Amino acid sequence: MIFRSIKWSLQLWHGIILLLVLAGFGYTAFELQRTRELRRVDQELQDRLALIFTPRPRPAGEGRRPGLGERADELIGPGPGRREGNFPSEEFGTNQNRRPLRARFGERMRDLRLPEELPPNFGAPDLADESGIYHVIWRREQRMRSSDAPEDLERPKTGDAVGPRTRGLYREYVRFTPRGDVIVVGRSIAHELAEFRKLSLLLLGTGAGILALGLVGGWFVASRAMRPIESISSTALKIASGDLSQRIPQGETESELGRVVSVLNSTFARLESAFTQQLRFTTDVSHELRTPVAVIVSQTQLALGRERPAAEYRQTLEACQRAAQRMRGLIESLMQLARLDGGQEHFERKWFDLARVAHDALELIEPLAHERGLKLHTELTTAQTQGDAERISQVIVNLLTNAIHYTPKGAITVVTGVENNFAVVRVNDTGIGIPPADLPRIFDRFYRVEKSRSREKGGSGLGLAISKAIVTAHSGSIEAVSEVSRGTTVTVRLPITG
Amino acid sequence: MRLLIVEDEPDLLAGLAKALREEDYAVDTAEDGEDGLFKATEARYDALILDVMLPGIDGWKVLEKIRAHKNEEIRKTPVLMLTARDRTADRVRGLDTGADDYLVKPFDLPELLARIRALIRRSAGIANPAIQIGDLSIDLRAREVRRGKENIPLTAREYSLLEFLVTRQGEVVTRTTLYDHLFDENESSFSNLLDVHVSNLRKKLGADFITTRRGHGYCIEKA
């Protein structure tokens with residue numbers, strides 16, 4: 001489970017890559033060193049091989065005996081002065097296919113012919129020296145070896161590889177001559193092998209150290225890189241568990257994660273505000289429903305508490321009816337708002353005259369205005385617009401009802417007309433007005449300037465919110481200007497080009 | 001016992017007032033905060049039922065002003081808050097502001113009545129609703145008076161008078177106080193009405209059950 005975390009998988013990959021790189025480097029370094037050393041050894045062996053065929057002065061006091069080197073010179077022809085390309089066609093015998101063997105520079109070792117008769121102690125004593133290089137020569141059944149050659153050295157078979165080979169602690173050069181002679185030149189490389197072992201141990205140790213350092217560093221870097229992510233996830237966890245006020249601590253804003261953090265934080269802020277709004281809305285709805293329910297519960301419990309005259313039951317039923325009506329009004333308003341919010345409210349798109357709609361709305365509320373002793377002034381100029389006349393009429397009736405409710409005395413003026421390519425309807429009253437602090441919020445759901453002032457008027461606190469939603473759905477705007485105890489003017493603007 | 005209900009929803013107010021009157025309380029009503037505060041500070045109530053959301057001054061303000069009043073009797077009036085908000089924060093605020101009890105709408109009428117009874121009992125310092133005085137047992141819960149096993153029938157006013165004096169046993173209660181607590185704002189208080197009730201109670205419970213301290217008032221002596 002823990003290895004599924006990004007930190008661990010980063011660490012794992014980091015470790016694997018580091019290991020591969022280190023292994024590659026170590027192997028290369030080791031191989032380079034080994035090859036170099038072996039090549040040096042090989043060179044020594046080649047030099048010795050060449051030396052075998054180089055004539056040397058006889059030791060003083062003894063008759064000159066031709067050394068192998070002297071013979072070799074006449075066998076293979078070229079002296080030190082001869083170079084490649086100067087070997088036109090000297091024959092050195094034939095191979096198995098009876099083709100003439102030709103010497104070329106660099107091939108002379110392979111093609112050398114040893115003399116017919118070899119002295120019994122051929123080459124052996126005089127070539128053993130402090131360099132540690134030994135040689136063994138097989139001719140037919142004869143074997144000639146230098147004194148320091150290892151005893152267990154066997155005659156290489158004809159099929160064996162030619163050239164340098166490593167046999168246990170020895171590095172050897174094998175040569176076959178066409179005549180069937182075999183020459184092995186070798187020396188112990190125990191010292192080199194020990195050096196190689198030391199080198200490999202050194203490389204392994206250093207590699208392990210670097211790997212450990214790299215892993216620690218990688219863990220540190222991964223932790224550093226993951227820290228903001230951990231803080232994001234722990235904050236997100238707190239938010240998910242209900243604490244919407246949590247925010248991710250903002251580090252560097254310019255880094256990639258910084259940008260993620262600021263985006264997340266602003267998302268959280270919007271989430272919180274939406275959630276708070278939702279909570280307030282729900283609280284408001286339940287609050288608005290509780291009072292009528294309280295009426296119904298207490299009235300019915302009272303009525304049913306004992307036997308009562310019919311008139312009292314009637315009163316109870318009337319009170320219950322009023323409460324139920326209020327709840328119905330509230331529910332209808334809520335449903336309409338929900339439809340408007342969800343874009344499910346069906347709107348007609350027909351041309352209509354705002355002046356005519358305003359006129360009809362005025363006729364509807366005229367009796368109420370007269371009952372309150374309010375004057376109604378109208379300046380209705382034709383203003384064609386496109387939309388749902390019925391819904392716009394609902395808006396105007398709502399504005400007029402508000403104006404009447406909050407105007408103890410005076411007049412209400414309704415103006416329609418065209419202004420700046422908008423069809424405009426304006427409802428002005430000389431009422432109690434709205435305090436500046438409340439003005440921006442009057443279109444909020446359930447917002448009441450005074451907590452309970454519209455309760456007696458039967459308002460749900462949703463009228464202006466619905467009006468605003470309807471106007472917005474028509475791509476229009478609604479705004480209010482007000483002065484306390486002077487009056488309020490609400491202006492609705494609808495676009496003329498639907 | 002005299003109560004004041006401050007509630008802006010007329011149907012709820014009417015229902016509550018009626019229910020409480022049927023329980024033999026003297027009930028005054030107010031429809032907004034200002035009127036409620038005025039009545040609460042002018043008259044003497046045994047308990048207040050106060051809605052939180054009120055036009056004018058809201059219930060919190062009314063409660064604050066009552067709790068800050070200079071008259072101790074008014075300051076100590078038991079208050080039951082009615083509210084449509086049921087969040088814990090609101091309840092805590094209500095109780096912290098000095099409400100004695102808190103009821104969320106919609107409430108059950110029997111619960112409200114029981115809470116009012118408890119409120120009045122507590123403010124009188126009586127925890128047990130069954131009171132024993134001599135051979136008389138008075139059940140404040142059932143509003144019944146018994147001598148032994150015999151039930152003594154009392155009228156509503158007689159019972160209210162008895163209850164008021166019993167809950168202040170040993171205290172001398174003035175006639176003014178009795179008028180204040182037994183009659184609501186709509187009743188004209190005839191000066192001899194109280195004497196009639198006292199005389200009726202003495203007939204039913206025994207002549208020396210209620211003693212008269214001339215010039216001071218009435219008293220039920222401590223046993």
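Residues numbered from 1 in each chain as written. Chains lettered and ligands numbered in written order. Predicted model: local features only at pLDDT ≥ 70, side-chain atom pairs only at ≥ 80, totals over all residues.

What to know about the overall build of chain B
Scanning chain B from N- to C-terminus turns up nine helices and eleven strands. For chain B, with 223 residues in total, the buried portion stands at 37%. Expressed as a percentage of contacts within chain B between residues at least 6 apart in sequence, the contacts between residues at least 24 apart total 56%. (Helix = DSSP H or I, 4+ residues; strand = E, 2+ residues; numbered from the N terminus. Buried ≥ 20, exposed ≤ 12 C-beta atoms within 10 Å, placed from the backbone. Contact = placed C-beta atoms within 7 Å.)

Some thoughts on the overall build of chain A
Helices and strands together make up the secondary structure of chain A, namely nine helices and 14 strands. Out of the 498 residues belonging to chain A, those deemed buried represent 23%. Restricting to contacts in chain A with at least 6 residues of sequence separation, those with at least 24 account for 58%.

Quick look at the sheet that holds strand E7 (residues 182-188) of chain A
Residue and element names in this part refer to chain A. Read across the sheet, five strands follow the order E4-E3-E7-E6-E5 without closing on themselves; strand pairing throughout is antiparallel. In this open sheet, the two strands that pair with only one neighbour each are strand E4 (142-145) and strand E5 (163-167). Taking the axes of each pair of neighbouring strands and ignoring which way they run, one obtains an average angle of 20° across the sheet. Sheet analysis places strand E3 (residues 133-139) next to E4, joined by four bridges and oriented antiparallel. Paired with Trp-138 across the bridge in E4 is Arg-143. (Pairing = 2+ DSSP bridges. Axes fitted to C-alpha atoms, helices over the stretch in contact; angles between N-to-C directions.)

Section: the sheet that holds strand E2 (residues 26-30) of chain B
Residue and element names in this part refer to chain B. The strand order across the open sheet built from five strands is E2-E1-E3-E4-E5, with neighbouring strands paired in parallel fashion. The sheet is open, and its two borders are formed by E2 and strand E5 (101-104), each paired with just one other strand. In this sheet, adjacent strand axes meet at a mean angle of 20° when their direction is disregarded. Across the face of the sheet, helix H6 (residues 109-123) comes into contact with strand E1 (2-6), strand E3 (47-51), strand E4 (79-83) and E5 while running at roughly 175° to E5.

Details of the interface of chain B and chain A
The partner chain A presents 19 residues to the 19 residues of chain B that form the contact. Ranked by residues supplied to the side of chain B that touches chain A, first place goes to helix H1 (residues 10-22) of chain B with six residues. Among the residues making up the side of chain B that touches chain A, the classes are represented as ten nonpolar, one polar and eight charged. (Nonpolar A, V, L, I, M, F, W, Y, C, P; charged D, E, K, R; others polar.)

Considerations on the pairing of strand E11 (residues 411-419) of chain A
Residues and elements named next belong to chain A. Relative to E11, strand E9 (residues 375-380) is paired through six bridges, and the arrangement is parallel. The partner of Thr-378 across the bridge, within E11, is Val-414. Here E11 pairs with strand E12 (residues 422-429) via eight bridges, running antiparallel. Its bridge partner being in E12, Val-415 is matched across the sheet by Arg-426. The hairpin formed by E11 and E12 contains two residues between the paired strands, and Asn-420 there has a positive phi angle of roughly 45°.

A look at unusual backbone geometry
If a residue is not glycine, its phi is most likely negative; likewise, a peptide bond is most likely trans. Following Lys-105 of chain B, the chain continues into Pro-106 of chain B via a peptide bond in cis, with omega recorded as -10°. Within the secondary structure, Pro-106 of chain B sits in the loop between E5 and H6. Backbone geometry places Phe-446 of chain A, a non-glycine residue, at a positive phi of 65°. Look at Phe-446 of chain A and you get partly exposed, because 16 C-beta atoms sit within 10 Å. Even without being a glycine, Arg-143 of chain B presents a positive backbone phi close to 55°.

Notes on the packing of helix H5 (residues 256-304) of chain A against helix H6 (residues 310-341) of chain A
The axes of two packed helices give the description: the angle between them and the distance between them. Residue and element names in this part refer to chain A. Following both chains from N to C, one finds H5 and H6 inclined at 165°, their axes separated by 9 Å at the closest point. It follows from the interaxial angle that H5 and H6 lie roughly antiparallel. Of the two elements, H5 crosses H6, and the hand of that crossing is left-handed. Only Glu-312, Tyr-313, Thr-316, Ala-319, Cys-320, Ala-323, Arg-326, Met-327, Leu-330 and Leu-334 of H6 make contact with H5, whose side of the interface consists of Val-285, Glu-288, Leu-289, Pro-292, Val-295, Ile-296, Gln-299, Thr-300 and Ala-303. Residue composition of the contact of H5 with H6, grouped by class: 13 nonpolar, three polar and three charged. (Parallel < 35°, antiparallel > 145°, perpendicular 65-115°, else oblique. Left-handed = near helix turned anticlockwise from the far one by under 90°.)

Some remarks on the confidence of the model for chain B
Residue and element names in this part refer to chain B. Put simply, chain B has an average pLDDT of 85, and 98% of its residues get 70 or more. Ranking the elements of chain B by mean pLDDT puts helix H5 (residues 88-97) last with 80 and E1 first with 93. The ipTM value of the predicted complex is 0.76, and its pTM value is 0.59. (pLDDT = per-residue confidence, 0-100.)

So, the nonpolar core
With 65 residues, the main nonpolar core has Leu-3, Leu-48, Ile-49, Leu-50 and Leu-80 of chain B as its most contacted residues. Look past the residues within four positions of Leu-3 of chain B in its chain and what remains in contact with it is Leu-20, Tyr-25, Val-27, Tyr-45, Asp-46, Ala-47, Ile-49 and Ile-116 of chain B. With 31 residues, the next largest nonpolar core counts Leu-354, Ile-365, Val-414 and Ile-470 of chain A among its residues. (Core = buried A, V, L, I, M, F, W, Y, C linked by C-beta atoms within 7 Å.)

Quick look at the packing of helix H2 (residues 33-42) of chain B against helix H3 (residues 59-67) of chain B
Residues and elements named next belong to chain B. The contact between H2 and H3 brings their axes to 10 Å, and the two run at 20°. Relative to H3, H2 is oriented roughly parallel. Viewed along their axes, H2 and H3 form a crossing whose handedness is right-handed. Note on element contacts: H3 touches H2 through Gly-59, Lys-61, Val-62, Lys-65 and Ile-66, opposite Gly-33, Gly-36, Leu-37 and Ala-40. By residue class, the composition of the contact of H2 with H3 is four nonpolar, three polar and two charged.

Some points on the confidence of the model for chain A
Residue and element names in this part refer to chain A. Summing up the model confidence of chain A, the mean pLDDT is 79 and the portion of residues at 70 or higher is 80%. For residues 99-113, every residue scores under 50 in pLDDT, and the model assigns this stretch 46 contacts once sequence neighbours within four places are set aside. Note that residues 119-126 has pLDDT below 50 and, in this model, 15 contacts with residues that lie over four places away or in other chains.

Brief notes about the environment of Gly-33 of chain B
All names here are of chain B. With respect to the secondary-structure elements, Gly-33 resides in helix H2. Take Gly-33: there are 24 C-beta atoms within 10 Å of it, and that puts it in the buried class. Here the alpha-carbon distance between Gly-33 and Val-52, two residues 19 residues apart in the chain, equals 9.2 Å. If sequence neighbours within four positions are ignored, Gly-33 has contacts with Val-6, Leu-54, Pro-55, Gly-56, Ile-57, Asp-58, Gly-59, Lys-61 and Val-62.

Points about the environment of Ala-23 of chain A
Relative to the elements of secondary structure, Ala-23 of chain A occurs in helix H1 (residues 6-52). It is 8.7 Å that separates the C-alpha atoms of Ala-23 of chain A and Leu-204 of chain A, two residues lying 181 residues apart in sequence.

What about the environment of Asp-35 of chain B?
Within the fold, Asp-35 of chain B resides in helix H2. Residue Asp-35 of chain B is classed as partly exposed on the basis of its 19 C-beta neighbours within 10 Å.

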